[in-house]
2 protein chains.
Amino acid sequence: MNTSTSEPFALVHIVGCGLLGTSLGLALTQRGVTVTLEDASPAALGLALDYDAGSSRTADSLPPELVIVATPPDVVGDVALRALEEFSEALVIDVASVKEAIYRALPGVSARFVGTHPMAGRERGGAVSARSDLFTARPWVICEGEDVARQKIRAFIVSLGAIAIDMSAREHDEAVAVVSHVPQLVASLTAARLEGATPEALSLAGAGVRDVTRIAASDPALWVQIVAANSEALVGHLKSLHGDLESVIAALEDTAAKGSKAIVSQAFHRGVTGVSRLPGKHGVSSQLATLLLVIDDRPGELARLLTQLGEWGVNLEDLRLEHSPGANVGFAELSLSQSALADVESQLVDNGWKIAGEGE
Amino acid sequence: MNTSTSEPFALVHIVGCGLLGTSLGLALTQRGVTVTLEDASPAALGLALDYDAGSSRTADSLPPELVIVATPPDVVGDVALRALEEFSEALVIDVASVKEAIYRALPGVSARFVGTHPMAGRERGGAVSARSDLFTARPWVICEGEDVARQKIRAFIVSLGAIAIDMSAREHDEAVAVVSHVPQLVASLTAARLEGATPEALSLAGAGVRDVTRIAASDPALWVQIVAANSEALVGHLKSLHGDLESVIAALEDTAAKGSKAIVSQAFHRGVTGVSRLPGKHGVSSQLATLLLVIDDRPGELARLLTQLGEWGVNLEDLRLEHSPGANVGFAELSLSQSALADVESQLVDNGWKIAGEGE
């Protein structure tokens, strides 16, 4: 491990050893940055230390140049205030999913504080899920702060391979309300409908309901704090949703009524429009195509496919294996650039692979 | 192609050349069954004929032993009645997503009609998405009918590799309301929130919102018919959801109020419970574990991994590649049996693979 002189900060202290804090510790330690760690839970701290995400602070530890507050949102304000007092030269940032509530909790915000948010969560949290490349190529929002401080934080974010995005705390909270907090709450409320379902009904569950409810497995304690802290931005969207749902229910209760079909139809059409606005995995400008291939369900088949693709120089943008219960075949959904599609498809067919479909 | 004498039906007529009708035509033709096709749309019929999913009926065509009505739900009743009249010896089944409305549309249901529903849709419909193994190992519900007819239909379903499940039309409609129709409507209503989002907000979208809204891309015209036809079973669930949403909104509008935190917390906890009730991809009894591996993002790496897994005799139950925009690494999420986990994990580590996490 080399101490790099080009790092924006040579000494970083991280408070909170969950998924984000531990991942940051791993990423920074691997870059040669000296990292110290702290967590209210000895177990969480112990795990992060075992992962070599940093070391505990001791009486000999030099003061950090940067303190990262990676605690649950409800204590970020207090922890940040304490850090600003304790380390009078350090910059302090937080990485919580809400921003306005954090700024409000910091009366007379210090010129040394900048609120940030890396878009890098998973439904599986905790130090155990940490990885040093969690932030690579992920958006990382930088909010209000003093100019020089923000420039240093931007350099820090870029050094971790993330994409720095400037937004006000208000803009950030509005954005995550619609692209993160509404979907989370909806997934949970939909999954709650499964509580009372019979095993027979559940046996008919397919990919649709699984995808819609996947993030309902996320940590309730964390999400209670997030939605409470962002309630202002969230409530408007939830009320619109509530109103739309009410209209659809009324239309379905009297399907013969004039206009009821139009209301239901509009709901589905608006959904098509909305989902089409999501940028591709690789940004708005990329053009990805998908190919669905039939794969025999035995060891080696997928490897054979991928070996051939490798030999042809094809780099998959994404790959998903779909496998029916008990079936002898599966399907591999390959995502690749639109421009490569025709060539790859004809090569696959020439080599005996069976194409089950394609799409965008 | 051999004409098999063991097929339950040697001559099958399919009305409707969408995803299901064309896939059935492909599956049956490949088994040596004589298939004739019909569609109100010459373009759809032409595509299915191009796919070799069967041939058009001519004056010389022998009468079918089975007619499969694979039209949109709103015309299934009429088409089934016409088929029962036209082919006086044939059994007639439908494959629509709703069942009670179909039976209601058939006054004095014939002893030759059986309502069925293969759980085999995709958000990409049409003949273009058809595949002969669409039904392999998928549940296929068989509803009310005369005993001998139902036994023949069961044999037919099993011959296609599907899993025959007996349910009354009422039970079926209740089941799909909760595991299919509510998630579909929720996905569409949630995706509609994205209509007004700024490009900056959309640039923060991650895997969560993508999964929740994926099926919102489905065909609105088809879904309007499905939810209208199943409104009775659906409305109750939607009202519960509406009530839960209302409680959460009220709690978020006054987060300081007594009990408001408990209401929000309960919503998330019920979501965790609900999603945990979904059976594993391979049925309730299976025990799958997942391993998350770091994979260099270059051609050949994944093939190397899968070749090794094949050499060790490991059969993946599922595999998903996760790939960050512009990143030099990706993650492969391997699903494998719980019992194989420890061995596979240690073999991977011994061979230099980097494990980023594990879970269930």
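Tallied over the entire structure, the rule returns 26 salt bridges over all chains. Taking the shortest distance from any N to any O, the salt bridge between Glu253 of chain A and Lys239 of chain B comes out at 2.5 Å. Of this pair, Glu253 of chain A sits in helix H10 (residues 231–253) while Lys239 of chain B sits in helix H10 (residues 231–253), placing the two residues on different chains. A relative accessible area of 49% places Glu253 of chain A in the partly exposed class. With a shortest N-O distance of 2.7 Å, Arg150 of chain B and Asp166 of chain B are connected by a salt bridge. Highlighted residues: Arg150 of chain B in helix H5 (residues 147–159) and Asp166 of chain B in strand E8 (residues 163–166), separated in sequence by 16 residues. Among the residues examined, Asp166 of chain B registers a relative accessible area of 41% and is labelled partly exposed. Salt bridges sharing partners connect three or more residues here, namely Glu100, Arg170, Glu174 and Glu232 of chain A.

Further remarks concern the relation of the copies chain B and chain A. Note on the copies: chain B fits chain A at an RMSD of 0.2 Å, the axial shift is 0.0 Å, and the rotation between them is 179 degrees. Expressed as an axis order, the relation between the two copies is that of a two-fold axis. Same-surface contact between copies: 99% of interface residues of chain B are shared with the interface of chain A.

Segmentation of chain A into domains returns domain 1 (11–169), domain 2 (172–276) and domain 3 (288–359). Taking only C-alpha atoms into account, the centre of domain 1 of chain A sits 40 Å from that of domain 3 of chain A.

So, about the interface of chain B and chain A. In this assembly, 127 residues from chain B lie in contact with 128 residues from chain A. Roughly 11300 Å² of surface becomes buried between chain B and chain A when both sides are summed, with 66% attributable to carbon and sulfur atoms. Its largest share of buried area at the contact with chain A, chain B owes to Arg193, Leu204 and Phe268 of chain B, together 8% of the area lost on that side. Taken together, chain B and chain A are joined by 8 salt bridges. Here Asp244 of chain B makes a salt bridge to Arg193 of chain A, at a shortest N to O gap of 2.6 Å. On inspection of chain B and its partner chain A, the count reaches 21 residue pairs in polar contact (both at pLDDT 80 or more). If one sorts the elements of the side of chain B that touches chain A by residue count, H10 of chain B sits on top with 16 residues. Looking at the side of chain B that touches chain A residue by residue, the class counts come to 67 nonpolar, 33 polar and 27 charged.

Once that is clear, we can look at the sheet that holds strand E7 (residues 139–142) of chain A. All names here are of chain A. Pairing is mixed in the open sheet, where 8 strands are placed in the order E3-E2-E1-E4-E5-E6-E7-E8. The open sheet has two edge strands, strand E3 (55–56) and strand E8 (163–166), and neither has a second partner. Relative to strand E5 (residues 91–94), strand E4 (residues 66–69) runs parallel, the two being bridged by 4 bridges. Bridge assignment links Val69 to a residue of E5, and that residue is Asp94.

Here we take up the packing of aromatic side chains. Residue and element names in this part refer to chain A. Enumeration according to the criterion identifies 10 aromatic pairs over all chains in this entry. When the centroid spacing of 5.6 Å and the interplanar angle of 80 degrees are considered together, the rings of Tyr103 and Phe113 count as edge-to-face. Here Tyr103 is found in helix H4 (residues 100–104), whereas its partner Phe113 is found in strand E6 (residues 113–118), with 10 residues between them in sequence. The two residues Tyr103 and Phe113 agree in class, both being buried. Centre to centre, the rings of Phe135 and Trp140 are 5.2 Å apart; their planes meet at 35 degrees, and the pair counts as tilted. In this pair, the class of Phe135 matches that of Trp140, namely buried.

Glancing now at the packing of H10 of chain A against helix H6 (residues 169–192) of chain B. Where H10 of chain A contacts H6 of chain B, the two axes come as close as 10 Å, and the packing angle between them is 135 degrees. Considering their axes alone, H10 of chain A and H6 of chain B lie oblique with respect to each other. Along this stretch, H10 of chain A crosses H6 of chain B, giving a crossing that reads as right-handed. In contact with Leu241, Asp244, Leu245, Val248 and Leu252 of chain A of H10 of chain A, H6 of chain B contributes Leu185, Leu189 and Thr190 of chain B. Residue classes in the contact of H10 of chain A with H6 of chain B are distributed as 6 nonpolar, 1 polar and 1 charged.

With 17 residues, helix H11 (residues 260–276) of chain A extends 25 Å from end C-alpha to end C-alpha; this agrees with the ideal 24 Å at 1.5 Å per step. Within H11 of chain A, burial applies to Ser260, Val264, Ser265, Ala267, Phe268, Gly271, Gly274 and Val275 of chain A. Check the buried side of H11 of chain A and you find it contacts H10 of chain A together with H6, helix H8 (207–213) and helix H9 (220–229) of chain B.

Rules and cut-offs
Residues numbered from 1 in each chain as written. Chains lettered and ligands numbered in written order. Predicted model: local features only at pLDDT ≥ 70, side-chain atom pairs only at ≥ 80, totals over all residues. Heavy atoms only, no water. Salt bridge = Lys/Arg side-chain N within 4 Å of Asp/Glu carboxyl O. Helix = DSSP H or I, 4+ residues; strand = E, 2+ residues; numbered from the N terminus. Buried < 20%, exposed > 50% of the residue type's maximum accessible area, 1.4 Å probe, protein only. Least-squares fit on C-alpha atoms with pLDDT ≥ 70 in both. Contact = heavy atoms within 4.5 Å. Domains from an automatic or database assignment. Buried area = accessible area lost by both parts, 1.4 Å probe. Polar contact = N/O pair within 3.5 Å; in protein donor to acceptor, adjacent residues only side chain to side chain. Nonpolar A, V, L, I, M, F, W, Y, C, P; charged D, E, K, R; others polar. Pairing = 2+ DSSP bridges. Phe/Tyr/Trp six-rings, centres within 6.5 Å; stacked < 30°, edge-to-face > 60°. Axes fitted to C-alpha atoms, helices over the stretch in contact; angles between N-to-C directions. Parallel < 35°, antiparallel > 145°, perpendicular 65-115°, else oblique. Left-handed = near helix turned anticlockwise from the far one by under 90°. Expected span 1.5 Å × (residues − 1).

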